[in-house]
Amino acid sequence: MASDGKFADVDLSIFKELKKLSGEKIRQARKALGLTQLEVATEMGGSLRWYRAIESGDPGIRLEDHLIALLRLGASTAHIALPVLYAGQRMRFPRQLIHGDLAYIERKCIEAISDAVITGLKQDLLPEWSRNDGKDRS
């Protein structure tokens, strides 16, 4: 669909691949834990057929179901989260990242966000600390 200026011009092409990739990552995580498809399906409250559709990357399955499966299996969601972050910033996601160590990049993003929040809190509190001249009130 051509943009008429009312909608953001965003590269969404990576999303066509995400469910296939996600299904494979879910399969790998399940197998690494020694679980059967039925065990995971039951734990997630779904049918075996539904769970198999998740692992196969069926485009009709909700992305939320992929996220829940990944989280329940203790696997990284970075292959979904990072492309969404890029799209939100109107940036093209570098496809070579999708097969790299995204868990490491995910942790680095979380560290950067945490550092920014802590820096902001320090800046907000700094005037209060300055007024107290470093004296502890306890």
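Residues numbered from 1 in each chain as written. Predicted model: local features only at pLDDT ≥ 70, side-chain atom pairs only at ≥ 80, totals over all residues. Heavy atoms only, no water.

Engineer: Just give me the short version of the nonpolar core, but keep the residues and values in it.
Structural biologist: One finds Ile26, Val40, Met44, Tyr51, Ile54 and Leu73 to be the most contacted residues of the largest nonpolar core, which totals 13 residues. Taken together, the elements giving at least two residues each to this core come down to α1 (15–32), α2 (37–44), α3 (48–56) and α4 (63–72). In this view, Met44 contacts Trp50, Tyr51, Ile54, Asp65, Ile68 and Ala69; residues no more than four positions away in its chain are not counted. Membership of the second largest hydrophobic core comes to eight residues, among which are Leu18, Ala78, Leu82 and Ile98. (Core = buried A, V, L, I, M, F, W, Y, C linked by side-chain atoms within 4.5 Å. Buried < 20%, exposed > 50% of the residue type's maximum accessible area, 1.4 Å probe, protein only. Helix = DSSP H or I, 4+ residues; strand = E, 2+ residues; numbered from the N terminus. Contact = heavy atoms within 4.5 Å.)

Engineer: Outline helix α5 (residues 78–88), supporting the account with residue identities and numerical values.
Structural biologist: The set of residues buried in α5 consists of Ala78, His79, Ile80, Leu82, Pro83 and Ala87. Looking one or two residues past α5, Arg90 carries a phi angle of roughly 60 degrees, positive in sign.

Engineer: Pulling in residues and values, what's your account of the pattern of salt bridges?
Structural biologist: One pass over the full model with this rule turns up eight salt bridges. A salt bridge links Arg62 to Glu64; the shortest N-O distance between them is 3.2 Å. Exposure remark for Arg62: the relative accessible area of 47% places this residue in the partly exposed category. When its relative accessible area of 43% is taken as the criterion, Glu64 is described as partly exposed. Notably, a salt bridge pairs Arg62 with Asp65, separated by 2.9 Å at the nearest N-O pair. Judged by its relative accessible area of 7%, Asp65 falls in the buried class. Through salt bridges with shared partners, one network takes in Glu24, Arg27, Arg30 and Glu55. (Salt bridge = Lys/Arg side-chain N within 4 Å of Asp/Glu carboxyl O.)

Engineer: Before we move on, could you go through the side chain of Asp65 and cite the residues and values that matter?
Structural biologist: Relative to the helices and strands, Asp65 is located in helix α4. Among the polar contacts listed, one links the side chain of Asp65 to the side chain of Trp50, at a separation of 3.4 Å. (Polar contact = N/O pair within 3.5 Å; in protein donor to acceptor, adjacent residues only side chain to side chain.)

Engineer: An account of the UniProt feature "domain: HTH cro/C1-type" (unreviewed entry) in the protein is requested, with residue identities and associated values reported.
Structural biologist: Per the UniProt record, the feature "domain: HTH cro/C1-type" (unreviewed entry) sits at residues 26–57. What you have in residues 26–57 is 75% helix and 0% strand, and the ends, taken at the C-alpha atoms, are 10 Å apart. (UniProt positions renumbered as here; feature names shortened; annotations may be inferred.)

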